[in-house]
Structures are given as C-alpha cells and as structure tokens.
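# Reading the structure
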Amino acid sequence: MGRFLAALASRLVIVVPYLWLLVFFLAPFLIVFKISLSEPAIAMPPYQPVFDLAGGLAAFFAKLGNLSFSNYLWLADDPLYINAYLSSIWIAGVSTVITLAVGYPIAYGMARAPASIRPLLLMLVILPFWTSFLIRVYAWIGILKPEGLLNQFLLFLGVIDTPLVILNTTTAIHIGIVYSYLPFMVLPLYATLEKMDNSLIEAARDLGCPSLSAFWKITFPLSLPGVVAGCMLVFIPAVGEFVIPDLLGGSQTLMIGKTLWSEFFNNRDWPVSSAVAVILLLLLIVPIMLFQRSQARAREAGN
Amino acid sequence: MAGNWSRFNIVSLVLGFAFLYLPIVLLVIYSFNESRLVTVWAGFSTKWYVTLFSNRGLMDAAWVTARVAFLSATVATVLGTMAAIALTRYTRFRGRMLFSGMVFAPLVMPEVITGLSLLLLFVAINFDRGFLTVTLAHITFSMCFVAVVVQSRLVTFDQSLEEAALDLGATPLGAFFQVTLPVILPAVIAGWMLAFTLSLDDLVIASFTSGPGATTLPMKIYSQVRLGVTPEINAVCTILIGIVACGVIIASIITKRQEIQRQRDERAAARIIG
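Residues numbered from 1 in each chain as written. Chains lettered and ligands numbered in written order. Predicted model: local features only at pLDDT ≥ 70, side-chain atom pairs only at ≥ 80, totals over all residues.

### Side note on the overall build of chain B
Test applied: Here a helix means four or more residues in a row that DSSP labels H or I, a strand means two or more in a row labelled E, and each is numbered from the N terminus. Counting other C-beta atoms within 10 Å of its own, a residue is labelled buried from 20 upward, exposed at 12 or fewer, and partly exposed in the gap between, with every C-beta atom placed from the backbone. By definition, residue pairs are in contact when their C-beta atoms, positioned from the backbone, come within 7 Å.
Of the regular secondary structure elements, chain B holds 11 helices and 0 strands. Element order for chain B, N to C, with α for helix and β for strand: α-α-α-α-α-α-α-α-α-α-α. Overall, the C-alpha framework of chain B stretches about 70 × 60 × 35 Å when taken along its three principal axes. Across the 274 residues that make up chain B, the buried fraction comes to 43%. Partitioning the contacts of chain B with sequence separation of at least 6, the portion at a separation of at least 24 is 77%.

Printed below as a string of structure tokens:
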C-alpha cells in the first residue's frame, strides 16, 4: 500500500503541473492561433468561430476551407504593424545593450566585493525587482516630465536654459526599460562572475598582461553564459513591453505590445490582435530557444 | 571571484544603486507633499494617506488584489514545487522536453501574449471572467517562477540524505516531508513570496483576464496614472513598497536563520556519521 502510494505520488508530481501547463499555457496558444485565422464579427465574442466540433468531422473539414489568412495579409499590408514590429525590436535591442553596459560594472563590482557584504549587495539588487513594475515606471513620469524633477535639477545647476523634452520620446522608453530590467541583467552576470576563478586573471597579470586586456581576453569571454542569459531576460520581454511605452512613450512612439493592446481593448478586433500575437511569438521563438538552451546548460553545470 | 575591490568597482556600485533607488525614494518623499502639484515641494503632510482610506474603489481593489495574490501564490507554490521536483528528480519521462519548455517559457513570455491567450481560452470554454480567471492566470505564470527558485535549491540538495531516511525505514512520502521539505523550505517560502508579489504587481495579464467586479489594484492605479501623476497614487505606491520591503526583509532574516541552523545540523550529522 505504501509503495503504491509512493508510486502514485511520484506520478502526480509530474502529471499535475504538466496537465496544468498544457491546459493553461499550451492550449491557449493554439486557441490564439485558431482565432487569428477567423473573421472579425460584431458579436460577443467578436469573431466568427472557425471550428465547431458540434457538427462532427464532416463539418470540421468543410470549415477548414473557411480558414483565412486575411488577418495576416492585413498585417503585412499595413506599414503601421511592420513599423511597430521593427521599432519594438530596435528599441528592445538598443535598451538591452545599454542595460548590459550599465549592469556589467555593477555585477563585476558585486563579484569582487568582500564575501561578507555580497549577500547585502545581492539583496539590494533584488529588492527593486520585488517592487511593483508599474510603480517603478510611474516614478519616472514625475522625474522626466518637462516640469519634472530632472529638469528642475538641471535648470537649477544651470546646465540647461530650457527644459528638456524627454517624456513621451523613445529616450524615455530606453530609460524605462534599462531601469526596470536592470536586476534581470545583473543577477545572471553576477552568478557567472562570482564563480569565476580569480587565479586565471592573476596568472595573466603575472605573465605581463595589462588588466584591461586581461578583462577582455579572460573575464569577459568566461562570463558569456551570463551575458547571454541576461540579454535574453531583458530583450524578450522588452520587445512585447506594454506598460513602459504606454506610460513613458506617449502616443508618438510605436511598439507592438501597445499596438496589440489597443487593437484588443480599443478596436475590439480579437482576430487581428491574435495575429499580432502569433507573429510576435514567431519573432521571439529563436531568442526563447537560445534562453532555454543557456538555462539547460547552466542546470547541467549546476548538477 | 573575490579580488581587490578597486575604486572603479565601488564607484560603479554606488552609481548603480543610486540609479536603482533614487526614483523610488523620490516617489516616497513626494507622497508626503502638501501640494497637489507633485513636483513642487510645499511642506510635509500626510493628508494624501488620509484621503486614500476613504477612497472606496481603491480599497475594494486592494482587497481583491490581496485575495487573488494569496490564493494564487499558495496554489502556485504547490504546483511549482512539484514541477521543480519533477524536473530535478525524474530526468527521463515522456515529454520532458516539452515540460521543461513550458516551465521556462513563461519566464520571458511577453505579458500581452500570455494575457491574450488566457483570455481567449476562458472565452472559448465559456468561463465567466472575474476573480477566478485572474487567479487561474496568476497561478499559471507564477508557478514557473516558483519552480525555478525551488529547483535551484533542489540541485544542491544532497540526495543521499533522503536515501538514508529510506534505508532507515521511512516511507518515500515520509522521507520527502521529514527530510527533503525542511531543507528546501527556505526556497519554497521565497517562491511563495515571489509568486505573491508577482500577482500583486501584475497589470497586463489581470487586465486581459479580469471581468466586471474584479478590478485589481494595479488596474486601478493604471487607470488613474493615465490621467496624470497625483499625490494619492504616490501614497498608494509608498504603502505597497513598504509592505513588500518589510516582507522581503523578514523573509531574508528567516532564511538566514534557517540556513545557519541547517549548516549546524549538517555538521552535527557529519560528526555522528563520520
């Protein structure tokens, strides 16, 4: 009886979360794909059903002919969507590079800190991550506004004569992304840098290598797994970001997460917003696979 | 990689932390501003906190959010811990690749996609949107974060401890609850807290999956933020930051104590065995 229970328990440990994710993670994607192929309708839900299993298999196959890629053609036709995709990838890419440039020195400084204060530093990086994303983005509105704190400060210092326009520009989105995602960059970088064997760098120095070139030849290449993981953790969610472009970017800037949101909530066009989501997912598949692989490698190294 | 802590290292840390904390500190300071104009300091006042508590809509939203966060974090912790065990203990089972993919993908999945897909699922199965759908959605994405946190603890767990318990006649379930669970408990608690705050923070997924009567606090804050920066919102944010900061600090103290206790136990056990 005990053995049976144990076997059952070990089964359940796999089966329960597996089923949960199949139903609430994988199945929804299939539904998104299905609805992206249907025609919009003025009804609730606002689309024409593509499949209706009630009619049996014959009806199912008859309906297959009705599938339309018109939503996708619509996306390809309208430069608005293509521009939104391109500018999302561009903005996310630039922000990721800036985040790396800002995050690396922080992670490096943490890894070289005395072991006794490292837990404290780690906690200081993690703490903002626990604080609401929305709140942290909101905090920047008050800083970046034309009459905001940054401009007041710069005017006070006499650096500028007229307030800078930062809010509602792409610059504000970059600042928002770098700020919000910085902990995601620092943590994996710190994890690889901390494990690194310092004697390698000492050996290089002993052999006459200047510290800067020792960094580029040894430290940086060895930290690449952390760089890849950090960049993916920033880049992938940033491409589909909604809150940051909406609150800091204003109406001028174009990002696909915002387009999807307004397509869904303002235009109530579910099929088109599903098509937008499918294309976004396809664009992100390669970086997501890269991320998965780097995670799997890290786990093997951990084992 | 401890080395010499150069001046460059210290300066980059100071600047980095200033960048991370200054916006939050400014937000907290200006929540105590007398003036309605958020960026002009007009003296200390707590009046925005007082008006807050008479704001019925805000209080209702806070209550909804607290219930969703508590419920979803609890279920997500159970499911996420199971997923972590499945991934570390059972290296071969049919569909393991798909399973690990489904555990890690939500960590980076843009929220608009997760939100839209869950909403379409609920509509497809004719599930009325409201409290329950938001909770289900939050369980789904936060269980993956729990799984990652717990898994990182499980891989360093010495499995021979559990085997020893089995040799001494413990049932597998007993061995799990008496040996493994106490060791990974700090990670499980950290996972719960992470799931709780993720749910507390979420705007996008909640906006898609929520229905009438289940407006969460982030949704409420968002709708007010769109109208402009106000000291009331600063006050709400300050309270939320305070709650989270207290929680994190308490949790880290608990974890630290347990860690010390565990190391002491392990040393004692090693002495007996050795």
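### Some points on the overall build of chain A
Regarding its fold elements, chain A presents 14 helices and 0 strands. Split into buried and exposed, the 303 residues of chain A put 44% on the buried side. When contacts within chain A are restricted to residue pairs at least 6 apart in sequence, long-range pairs at least 24 apart make up 70% of them.

### Section: the domain arrangement of chain B
Residues and elements named next belong to chain B. For the record, the criterion: Note: domain ranges come from an automatic or database domain assignment. Put simply, Ala, Val, Leu, Ile, Met, Phe, Trp, Tyr, Cys and Pro go in the nonpolar bin, Asp, Glu, Lys and Arg in the charged bin, and everything else, Gly too, in the polar bin.
When its domains are assigned, chain B resolves into domain 1 (8-45) and domain 2 (56-273). Here domain 1 and domain 2 have C-alpha centroids that lie 30 Å from each other. Listed per partner, the contact involves 8 residues of domain 1 and 8 residues of domain 2. Its residues placed into classes, the side of domain 1 that touches domain 2 shows 5 nonpolar, 2 polar and 1 charged.

### A look at helix 1 (residues 7-30) of chain B
Going by this rule: One less than the residue count of a helix, multiplied by 1.5 Å, gives the span that helix is expected to have. Note that the bend at a residue is defined as the angle between axes fitted to the seven residues ending at it and the seven residues starting at it.
The terminal C-alpha atoms of helix 1 of chain B, which comprises 24 residues, lie 33 Å apart, in line with the 34 Å expected from a rise of 1.5 Å per residue. Along its length, helix 1 of chain B shows its largest kink, about 35°, at B:Tyr21, and proline B:Pro23 lies within four residues downstream of that point.

### What to know about the confidence of the model for chain A
Detailed conclusions should not be drawn from predicted coordinates in areas where pLDDT is low. Using the following cut-off: By definition, pLDDT measures how confident the predictor is in each residue, and it falls between 0 and 100.
Overall, the prediction assigns chain A a mean pLDDT of 83, with 88% of residues at 70 or greater. Per-element averaging of pLDDT across chain A places helix 2 (residues 56-64) of chain A at the bottom with 55 and helix 4 (residues 79-112) of chain A at the top with 93.

### Quick notes on the packing of helix 4 of chain A against helix 8 (residues 170-195) of chain A
Residues and elements named next belong to chain A. Here is the rule we go by: Helix axes use the C-alpha atoms of the stretch in contact, all axes being lines fitted to C-alpha atoms, and the angles between their N-to-C directions lie in the range 0 to 180 degrees. Every angle not falling under 35 degrees, over 145, or within 65 to 115 is termed oblique; those three ranges are roughly parallel, roughly antiparallel and roughly perpendicular. Put simply, a crossing is left-handed when the front helix is turned counterclockwise from the back one by less than a right angle, and right-handed when it is turned clockwise.
Two elements in contact, helix 4 and helix 8, have axes whose closest approach is 6 Å; the angle formed by their N-to-C orientations is 40°. Taken together, the axes of helix 4 and helix 8 lie oblique to each other. As helix 4 packs across helix 8, the resulting crossing turns out to be right-handed.

### Concerning the domain arrangement of chain A
What the domain assignment lists for chain A is domain 1 (1-28) and domain 2 (78-302). If you average the C-alpha positions of domain 1 of chain A and of domain 2 of chain A, the two centres end up 36 Å apart.

### Quick look at the interface of chain B and chain A
The interface of chain B with chain A comprises 68 residues on the first partner and 84 residues on the second. Only helix 1, helix 3 (56-89), helix 4 (96-108), helix 5 (111-124), helix 6 (131-154), helix 8 (172-201), helix 10 (217-225) and helix 11 (231-273) of chain B provide two or more residues apiece to the side of chain B that touches chain A. The leading source of residues in the side of chain B that touches chain A is helix 1 of chain B, at 12 residues. Considering only residue class, the side of chain B that touches chain A consists of 55 nonpolar, 11 polar and 2 charged.

### Here's the deal with unusual backbone geometry
Glycine aside, residues mostly have negative phi angles, and peptide bonds mostly take the trans form. Positive phi is not limited to glycine here, since A:Asn168 has a value of about 65°. Structurally, the position occupied by A:Asn168 is in the loop between helix 7 (149-157) and helix 8. Look at A:Asn168 and you get partly exposed, because 19 C-beta atoms sit within 10 Å. In this structure, B:Asn126 is a non-glycine residue whose phi angle is positive, near 60°. Secondary-structure assignment places B:Asn126 in the loop between helix 5 and helix 6.

### Here's the deal with the packing of helix 6 (residues 133-144) of chain A against helix 1 of chain B
Between helix 6 of chain A and helix 1 of chain B, the shortest axis-to-axis distance is 9 Å and the interhelical angle comes to 75°. The orientation of helix 6 of chain A with respect to helix 1 of chain B, classified from their angle, is roughly perpendicular. Listed contacts from helix 1 of chain B to A:Arg136, A:Ala139, A:Trp140, A:Gly142 and A:Ile143 of helix 6 of chain A are B:Pro23, B:Ile24, B:Leu26, B:Leu27 and B:Tyr30. Class assignment for the residues of the contact of helix 6 of chain A with helix 1 of chain B results in 8 nonpolar, 1 polar and 1 charged.

### Observations concerning the environment of B:Leu161
Residues and elements named next belong to chain B. Tracing the backbone through its elements, the reader meets Leu 161 in helix 7 (residues 159-167). Accessibility expressed as a C-beta count within 10 Å gives 14 for Leu 161, which makes it partly exposed. It is 7.2 Å that separates the C-alpha atoms of Leu 161 and Val 179, two residues lying 18 residues apart in sequence.

### Some details on the environment of A:Ile288
Counting through the fold element by element, A:Ile288 comes out in helix 14 (residues 270-302). With 19 C-beta atoms counted inside 10 Å, the residue A:Ile288 sits in the partly exposed group. Aside from chain neighbours lying at most four places away, what touches A:Ile288 is A:Ile236, B:Ala105 and B:Val108.

### Considering the confidence of the model for chain B
Residue and element names in this part refer to chain B. When the pLDDT values of chain B are averaged, the result is 86; 97% of them are 70 or greater. Put simply, helix 11 is where chain B has its lowest mean pLDDT, 80, and helix 9 (residues 204-209) is where it has its highest, 94. For this predicted complex, the interface confidence reaches an ipTM of 0.85, while the overall pTM sits at 0.84.

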